[in-house]
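The lines below spell out each chain.
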Number of protein chains: 2
Amino acid sequence: VGGDRGISVVVGGALQARSQLGVRVTLVGPQQSVADELLRLAGPSHGIEIVDAPEAIDMGEKVTRATLKKRSGMQVGVELVREGAADAFFSAGNTALGWTIARLGLGSLGGIARPALAAVMPSVIGRTVLVDAGANANCKARHLQEFAVMGQVYAREVLGIASPRVGLMSLGEEDSKGNDLTREVHEALKASRLNYLGNVEGSDIFNGRADVVVTDGFTGNVALKSNEALARAIMQLLREELMSTTVSRIGAYLARGAFRRVQERMDPSEVGGAPLLGLRGCCVIGHGRSDELAIMHGIRTAAEFFTSRVNDQIELEVKALLDGAERAVSELPEGGTA
Amino acid sequence: VGGDRGISVVVGGALQARSQLGVRVTLVGPQQSVADELLRLAGPSHGIEIVDAPEAIDMGEKVTRATLKKRSGMQVGVELVREGAADAFFSAGNTALGWTIARLGLGSLGGIARPALAAVMPSVIGRTVLVDAGANANCKARHLQEFAVMGQVYAREVLGIASPRVGLMSLGEEDSKGNDLTREVHEALKASRLNYLGNVEGSDIFNGRADVVVTDGFTGNVALKSNEALARAIMQLLREELMSTTVSRIGAYLARGAFRRVQERMDPSEVGGAPLLGLRGCCVIGHGRSDELAIMHGIRTAAEFFTSRVNDQIELEVKALLDGAERAVSELPEGGTA
């Protein structure tokens, strides 16, 4: 139970998930408030379990030791996943906090040096998984290879893309483009079994060229936040301009469906949410602004994260990547005899 | 003479610049075609000089040795600046090519290790100078300090912002946020005489918080290209959605002024252009899609770049930054005696 829109929206989304998806839902939040809301919305036989998490965390709260000690919904929810009492966790709360709590509470999958935050971004023809979207500000080549594997497994198993096209974020397509880090990663990904497109550039997040875009968490976070802010600014200015004259107000009214559809499709903060990849558990953080429908879809995504066995696949495929790298090393001529 | 819209638009923009700004304009391009167009648009007494640059470069052409050898408008225009026959250069051609030709042809200002490409970005309340927007993929702390000085001089002298607020692109405001590079730069900028805001994040390009946002050329380029692509995608989808029903088509017609104003204000590829900072000469690269008015404004910007003595200021202020750093070093206690 979290997000900007209050308990009612989360409870409503959970009820939708239970009836439409047939999943078992446990709501984690302040017991009495959640119980009252469930009773109000669905009567006494709502079939949803509640686990008490009495302490609230404000959406804007910084991640500090004190925050991490609170018995918040995030803390208790992640514990349920760790103990196996829940198969997956979804929250519409603060992404940075969710990341930190899940990272500390669940630990990394076998073979994963750097779990990562993914962002499912809108594109003109579908969805693009951007990874890392902000968890790891300093990265080595090995880490970006892991991001590539984790992103393609998620795109395949949860987004249903048969053979996801993986691009490496750079400054242009040519092999020579990029920085020291990307040139090293580029060679490694070319030699991998991934469906690797090669270098891509910033525009390829949105034009549908790649299904997965791999980058360090610093660049990914700057891209994500600047894109969210630009979409917000365009929509805000459009609203202001449309309200500025009577004629344009009438025009806006007639075209309101078109605006809503564009906002739902292209605003990065309305789309997809953020799966946490490489952790021993399935967690998805949705947008704070999530409405009932978005909460329901978020719960569905978390459930699919679990049922499609993304984490088993990640462990297997990262191991294959490493074995490949080791084999490549062992195939090198022995020192001095070549 | 360059850009996507052909000679006529560039010649028209040059004529506007001459009559409205009172600057002397030399057009560099295929002599006969430019002469014919001038005659057609302004008659025989147009007062504009032509310098022949017979070889065209396609907007999509890659920057290769062969491209750089061509007697293109860019090549000849930059030579005019180098020889002092022109005070400033403007082109609506390919940015990467313009950068490379100017970098090779003009060289760096005294004290500047890394000239940089700036992008003047739209914000909800004005303009933000993003620097480096793609020239330097691998950067050291010293380079980002230069970008900060160059960006603030440009914002002050050309955009007319009295004391530009300089932000360092990072993952959040706190001192501890960022990567190894930004933490080093953050300390240096805090100790400088710049109006330094501290760390900013991706969203601060667009919300008007900072006048200058400093980052390495890799991150800056990814942000710029992803933002341009997102704005394009939103506008394209909006057009498609608005054309999808008769009612929304009518709405779009009534609100067309509002759309145009939003596109002009918020699309990064409709705003500002790219000044090349830190070179021995004043060059501005405008957008390929520039229309006559944009060409005129581009010529105005290039002229102001020269008349406001941006380059003298950059040399002075980078020297002050360095002297400050040297003084700080010389004030350290002598080894062993402290």
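Scoring rules and cut-offs
For every chain, the first residue of the written sequence is number 1, and numbering continues from 1 along that sequence. Chain letters start at A and ligand numbers start at 1, both assigned in the order the entries are written. Per-residue local features of the predicted model are confined to residues with pLDDT of at least 70, and side-chain atom pairs are confined, for both listing and counting, to 80 or more; whole-chain, interface and lining totals are unaffected and use all residues. Excluding hydrogens and water, the side-chain figures rest on all heavy atoms present in the structure. Segments assigned H or I by DSSP are reported as helices when at least four residues long, segments assigned E as strands when at least two residues long, and all are numbered from the N terminus. The term polar contact refers here to a pair of N or O atoms within 3.5 Å; inside protein, the definition further demands a hydrogen-donor-capable atom paired with an acceptor-capable atom, and it admits residues adjacent in sequence only when both atoms are side-chain atoms. Two strands form a pair only when DSSP identifies at least two bridges running between them. Angles here are taken between N-to-C directions and fall from 0 to 180 degrees, while the axes themselves are lines fitted to C-alpha atoms, restricted in helices to the stretch in contact. A least-squares superposition brings the copies together, and it is based on the C-alpha atoms of residues with pLDDT no lower than 70 in both. Two residues form a contact once any of their heavy atoms are found within 4.5 Å. Only protein chains enter the accessibility calculation, which uses a 1.4 Å probe; a residue whose area is less than 20% of its type maximum is buried, one above 50% is exposed, and one in between is partly exposed.

Novice: Please explain the side chain of Ser123(A) as it appears in this structure.
Specialist: Mapped onto the fold, Ser123(A) is located in the loop between strand S4 (116–122) and strand S5 (127–131). Within polar-contact distance, the side chain of Ser123(A) engages the backbone nitrogen of Gly126(A) at 3.0 Å.

Novice: Honestly, the sheet that holds strand S7 (residues 196–200) of chain B in this entry has me stumped. Any pointers?
Specialist: Either a parallel or an antiparallel arrangement is found when strands of a sheet pair, and the pairing is made through backbone hydrogen bonds. Residue and element names in this part refer to chain B. Taken in spatial order, the eight strands line up as S3-S10-S9-S4-S5-S8-S6-S7 in an open sheet, and their pairing is mixed. For this open sheet the edge positions go to strand S3 (88–91) and S7, each flanked by a neighbour on one side alone. Taking the axes of each pair of neighbouring strands and ignoring which way they run, one obtains an average angle of 25 degrees across the sheet. Here strand S6 (residues 166–169) pairs with S7 via four bridges, running parallel. The residue of S7 that forms the bridge with Leu 168 is Asn 199.

Novice: Just checking my understanding: could you explain the relation of the copies chain A and chain B for this structure?
Specialist: For the match of chain A to chain B, the screw axis carries a shift of 0.0 Å, the RMSD comes to 0.0 Å, and the turn is 180 degrees. As the rotation angle and translation indicate, the two copies are arranged about a two-fold axis. The position closest to the rotation axis in chain A is occupied by the C-alpha of Gly251(A), lying 1.8 Å away. When you check the interface residues of chain A against chain B, 100% turn up at the interface there too, and the contact is symmetric in its surfaces.

Novice: Would you mind showing me how to read the environment of Gly2(B) here?
Specialist: Residue and element names in this part refer to chain B. Take Gly 2: it is sitting in the segment before helix H1 (7–21). Owing to a relative accessible area of 24%, Gly 2 belongs among the partly exposed residues under this scheme. For the pair Gly 2 and Val 76, spaced 74 residues apart in sequence, the C-alpha separation works out to 13 Å. Beyond its immediate sequence surroundings of up to four residues, Gly 2 is in contact with Val 10 and Ala 92.

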